[in-house]
Amino acid sequence: MDNNGQQRPADNSKEWKLIEKALLSAQAEQRTARRWGIFFKLLTFTYLIVVLALLRVPGGADRHASVSGEHAAIIEVNGPIAADQEASADAIVGALREAFDNPDVLGVILRINSPGGSPVQSGYVYDEIKRLKAERPDVPVYAVIVDLGASGAYYIAAAADEIYADKASLVGSIGVIGSGFGFTGAMEKFGVERRLYTSGEHKAFLDPFSPQKEDEKAFWESVLKVTHNQFIDQVKAGRGDRLADDPELFSGLVWTGEQALEYGLIDGLGSSSYVARELLGTEELENYTFQPDPFQRLIERFGASFGQGVASFFSQQTVMLR
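The sections below set out a description of the structure shown in this document.

Each value, and the rule that gives it
Residues numbered from 1 in each chain as written. Predicted model: local features only at pLDDT ≥ 70, side-chain atom pairs only at ≥ 80, totals over all residues. Heavy atoms only, no water. Helix = DSSP H or I, 4+ residues; strand = E, 2+ residues; numbered from the N terminus. Buried < 20%, exposed > 50% of the residue type's maximum accessible area, 1.4 Å probe, protein only. Contact = heavy atoms within 4.5 Å. Phe/Tyr/Trp six-rings, centres within 6.5 Å; stacked < 30°, edge-to-face > 60°. Pairing = 2+ DSSP bridges. Right-handed = clockwise from strand over helix to strand, strands pointing away. Salt bridge = Lys/Arg side-chain N within 4 Å of Asp/Glu carboxyl O. Core = buried A, V, L, I, M, F, W, Y, C linked by side-chain atoms within 4.5 Å.

Before going further, it helps to examine the side chain of Ser173. Take Ser173: it is sitting in the loop between strand E5 (170-172) and helix H5 (184-190). With relative accessibility at 19%, the residue Ser173 sits in the buried group. Not counting residues up to four positions away in its chain, the partners in contact with Ser173 are Ala150, Ser151, Phe231, Gly252, Leu253 and Val254.

Given below as structure tokens:
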């Protein structure tokens, strides 16, 4: 202090240095805490990986090797039927083959809850069911529709020996759909010019920004018609004379389980437990639905987080070394 009671500049400078030092120290402590936090998270993750690797659940053909005694094999068909979905042909076919390879399987129950999807994927599953049944005719296949068994899902069900559903289940939708949008009117309204370059007269016939041509519309409808007829033929081959003689069956409509029974789309009302107990004579049900390896699922789930953690860890290190 000077004689007038004013703080000297040197004292003021010392206080600011102390404040700055305290702030830098707090910041360093926070960085260190974050760094060690990330380190321990990565350490925990590594520990879990090692544990799962040691206790890895067997997959593939030996996944049910430990199941003892006769039982019914349950295979779930859930959600959209598509190559990149849970209900893909690869997943369903793999489960079917595993079930048919097990001598203790009394029968296979396809538990279906799906709106359908790809006719190609559905066709793969249909054909594989027929092939496996021909190889092992002693293993019956039953389809049980839960809430919904429509379109491609019913396509698959038609390959089964018998189909069951609840009285309120929705069954059918034997049809094919192709949809899109047309934006030519909106483009004219907003003054948008479409510039499209192709090689091939009809290469862009599904382009939503180009005017629809009648000959291309007729062509696309013919493609859908062919696919629809393939669907109808497979359903008729699977269901035979159990189907009612009514063209409405193939119109794309859906019915309740109670109505579907009258039309011959299903063989009875019942659940998976009912089918196992009454038709296969067992109370034992084993789920053969394809399940991703838990080790692989953990890798996929935490892989991104792991990478971010490593990057963050080294980022913190870099900051501290500056």
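After presenting the structure, the write-up continues.
Tallying each qualifying case throughout the model produces 9 aromatic pairs. Ring geometry for Phe205 and Phe219: centres 5.7 Å apart, planes at 80°, overall edge-to-face. Residue Phe205 is found in the loop between H5 and helix H6 (214-239), and its partner Phe219 is found in helix H6; the two are separated by 14 residues along the sequence. Linked through ring pairs, Tyr126, Tyr155 and Phe231 together constitute an aromatic cluster.

This brings us to the pairing of strand E4 (residues 162-165). As judged from the 4 bridges shared by strand E3 (residues 141-150) and E4, these two strands associate in the parallel manner. By the bridge assignment for E4, Ile145 is matched with Ala165. Traced from E3 through helix H4 (residues 152-157) to E4, the parallel crossover comes out right-handed. In terms of strand pairing, E4 meets strand E7 (residues 268-269) through 2 bridges, oriented parallel. Opposite Ala165, over in E7, you have Leu269 as the bridge partner.

This next bit is on unusual backbone geometry. At Ser151, a position not held by glycine, the phi torsion is positive, near 50°. Within the fold, Ser151 resides in the loop between E3 and H4. Phi angles above zero are rare outside glycine, and Ser173 is one such case at about 60°.

On to the environment of Asp215. Within the secondary structure layout, Asp215 lies in helix H6. Residue Asp215 is classed as partly exposed on the basis of its relative accessible area of 45%. With 13 residues separating them in the primary sequence, Asp215 and His202 have C-alpha atoms 9.9 Å apart.

Across all of its chains, the model carries 11 salt bridges by this definition. Here Arg239 makes a salt bridge to Asp267, at a shortest N to O gap of 2.7 Å. In this pair, Arg239 is assigned in helix H6 and Asp267 in the loop between helix H7 (257-263) and E7, connecting sequence segments 28 residues apart. Taking the relative accessible area as the measure of exposure, Arg239 reaches 1% and is therefore buried. Asp267 sits in the partly exposed class, given a relative accessible area of 27%. Across the pair Arg242 and Asp267 runs a salt bridge whose closest N-O atoms are separated by 3.1 Å.

Let's shift gears to the pairing of strand E1 (residues 71-78). Most of E1 is tucked away: 7 of the 8 residues are buried. As defined by bridge partners, E1 adjoins strand E2 (residues 105-114) across 8 bridges and the pair is classed as parallel. Bridging across to E2, Ala72 finds its partner in Gly107. Of the strand pairs in this sheet, E1 and strand E8 (residues 285-287) are connected by 3 bridges, and their pairing is parallel. Following the sheet pairing, Ala72 is matched in E8 by Leu285.

What follows is about the nonpolar core. Core analysis: the biggest nonpolar cluster contains 47 residues, and Leu96, Val108, Leu110, Tyr154 and Leu265 have the highest contact counts within it. Elements represented by at least two residues in this core include exactly E1, helix H2 (89-101), E2, helix H3 (119-135), E3, H4, E4 and H6. The leading source of residues in this core is H2, at 7 residues. Beyond its immediate stretch of four places on either side in the chain, Val108 contacts Ala73, Ile75, Leu96, Ala99, Phe100, Val139, Pro140, Val141 and Tyr142. Of all hydrophobic cores here, the second largest spans 9 residues; its members include Tyr142, Val144, Ala276 and Leu280.

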